[in-house]
Amino acid sequence: MKKTSFASVLTFGCQMNIHDSEYLKSELESLGYTLINDYIEAEAIVINTCSVREKPETKLLNILSQIKGLKKKKPKIKVIVCGCSAQNLGSKIIELYPFVDLVFGPDEIFNFKNLLLNLFTSKKESTHTSFYKDFSYMNTKVSSNILNHAYLTVMKGCNSYCSYCIVPYLRGKEISRKRLEIVEDVKQLVDKGISSITLIAQNISRYGLDINDNLINLIIDISKINRIKNLAFLTSHPKDFDLNIIKLYEDIDILSPLLHLPAQHGSNKILASMNRNYTKEYYYNIVDNLKNSKIWKNLNFTTDIIIGFPEEDDNDFKELLSLLDYAEFDNSFTFIYSPRKGTKAYELYSKKTDLSLKKVYSQRLKMYQDRQKEIALQKNKNLLDKTMELYIEQDSYKDSLKYTARTKSYKVVNFIKPKDIDLKPGSYVLAKIDKAYPTHLLATFISKV
Ligand code: SAH
Ligand code: SF4
Ligand code: F3S
């Protein structure tokens, strides 16, 4: 392979995929590829896919249709589809798009380098979708453009089987990594200059339960490592959330005041048919505990919500709005229910799904989002005039005269780049918050940290 070959990795989906793509990118770099964003120029195109809703899967099929023309012009380019849709659709992808060279699922990722190299010696396209027990191979491998923040997988798979969700079928059973191994990985990342780490798992509240351990022990051990500045964890599940974590937020300085606790809904009828295994009262009790704690005023409290689950009526929706008002989320990731073949809800409801309700669901989505924006704006206004430590992520997309930075709780803050001061993504600064919006804040730079 020539040293100047270009590769492009396109990533859809959640933090798992973002993290997996870092591994793929680091492997491509180790093979001598230069990473570029625009796949049109690339000799190797890797698409890391998501299957959680229909939309990302349709996006994949659209991109493949575009790449078809590209491959006709440049037959030597390698087209690789991996991630959750690769697991879901398997060999169908090559049947439908014969120009695809390689398909592999999330658990086959450690094989990526070999599978890619094989493409240069064998002409045959192939599909790989086995599950494996081991997965410690990829945690500290990140690409050269990672500056100061990294994701770290602590557990793979999901045993929760929410009735709408395809993830457990694509990512397999839960397997926790050993606490000591994770601590070693954190040390290695810190040695690479990464001081902000987010531990990830589909349901991190269950970390360690399969190996007689738990998330609290893990957080405490990591907090003892020197030079780590910020530690976050995603995603918590209300049914398994340990209220003692709230005390950790109070006691452990490096723990980011961020809690992503997907509620999914606020109606007991819907929560039951989603198989979430908690009631709205149970969720409200967690909120009460958070509100009664010292961290509440600094907490970035976020959630995921599904609107339009089968049989959601006006009353259920009212209960969902009540939940939003009660919990005062800083942000909600909202989705309209998307039936996924192979899930329990699909089998139960697919024949009954009334498409005429589509408009009603969109209206409910908008109502929910409008109310969420009001609450978020109100909460962001509480930060006005505060001086905060920020971590610079990148140049602002919208305005190259500004930086986009994050608070310790991962709220987005933009500020004008100061003249004559050498700042770059990865630096920490102090800034004063001057303006609040529902989705972000504006600040004025004070000093470098
Ligand atoms: N493990 C994480 C992420 C799962 S996927 C968790 O449990 O929170 C992220 C979000 O996608 C879910 O929280 C849910 O809100 C949404 N989601 C999952 N399946 C969906 C479906 N079939 N239709 C619409 N939204 C869905
Ligand atoms: Fe899906 Fe539920 Fe598992 Fe999250 S906890 S990945 S929503 S099954
Ligand atoms: Fe999507 Fe797979 Fe994540 S389906 S949400 S990329 S686990």
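Note: the structure precedes this text.
Residues numbered from 1 in each chain as written. Chains lettered and ligands numbered in written order. Predicted model: local features only at pLDDT ≥ 70, side-chain atom pairs only at ≥ 80, totals over all residues. Heavy atoms only, no water.

## What about the site of ligand 2?
1) Next: Residues in close proximity to ligand 2 include Cys158, Ser160, Tyr161, Cys162, Tyr164, Cys165, Val167, Pro168, Gln202, His237 and Arg276, which together make up its full environment.
2) Next: Across the shell around ligand 2, the residue classes tally to seven nonpolar, three polar and one charged. (Near = heavy atom within 4 Å. Nonpolar A, V, L, I, M, F, W, Y, C, P; charged D, E, K, R; others polar.)

## What about the sheet that holds strand S11 (residues 230-234)?
Across a sheet, paired strands are connected by hydrogen bonds in the backbone, their directions being either parallel or antiparallel.
1) Next: The strand order across the open sheet formed by three strands is S7-S10-S11, and the pairing between neighbours is parallel. One side of each edge strand has no neighbouring strand; the edge strands of this open sheet are strand S7 (149-153) and S11. If you compare each strand with its neighbour and ignore which way they point, the axes differ by 20° on average.
2) Next: Note that S7 and strand S10 (residues 196-200) share five bridges and pair parallel. Within S10, the residue paired with leucine 152 across the bridge is leucine 199. (Pairing = 2+ DSSP bridges. Helix = DSSP H or I, 4+ residues; strand = E, 2+ residues; numbered from the N terminus. Axes fitted to C-alpha atoms, helices over the stretch in contact; angles between N-to-C directions.)

## Topic: the site of ligand 3
1) Next: Surveying the vicinity of ligand 3 reveals the residues Gly13, Cys14, Asn17, Cys50, Ser51, Val52, Cys84, Arg171 and Gln202.
2) Next: Here the residues of the shell around ligand 3 are counted per class, giving four nonpolar, four polar and one charged.

## Regarding the pattern of salt bridges
1) Next: Per the stated rule, a full pass over the model turns up 33 salt bridges.
2) Next: Measuring nitrogen to oxygen at the nearest pair gives 2.6 Å for the salt bridge that ties aspartate 325 to arginine 371. Of this pair, aspartate 325 sits in helix H12 (residues 314-327) while arginine 371 sits in helix H14 (residues 358-381), placing them 46 residues apart in sequence.
3) Next: Three or more residues joined by partner-sharing salt bridges are found here, namely Arg179, Asp213, Asp221 and Lys224. (Salt bridge = Lys/Arg side-chain N within 4 Å of Asp/Glu carboxyl O.)

## Describing the side chain of threonine 343
1) Next: Tracing the backbone shows threonine 343 in the loop between strand S14 (331-336) and helix H13 (344-349).
2) Next: Excluding its chain neighbours within four sequence positions, the residues that come into contact with threonine 343 are Ser163, Tyr164, Cys165, Ile166 and Tyr169. (Contact = heavy atoms within 4.5 Å.)

## Some thoughts on the nonpolar core
1) Next: Among the nonpolar cores identified, the biggest contains 58 residues, and Leu199, Ile222, Phe233 and Phe301 are the most heavily contacted of them.
2) Next: Looking at which element gives the most residues to this core, the answer is H12, with six residues.
3) Next: Aside from chain neighbours lying at most four places away, what touches isoleucine 222 is Ile182, Val183, Val186, Leu199, Ile228, Leu231 and Ile254.
4) Next: Core analysis: the second largest hydrophobic core is formed by 23 residues, Ala42, Ile45, Ile47 and Ile93 among them. (Core = buried A, V, L, I, M, F, W, Y, C linked by side-chain atoms within 4.5 Å. Buried < 20%, exposed > 50% of the residue type's maximum accessible area, 1.4 Å probe, protein only.)

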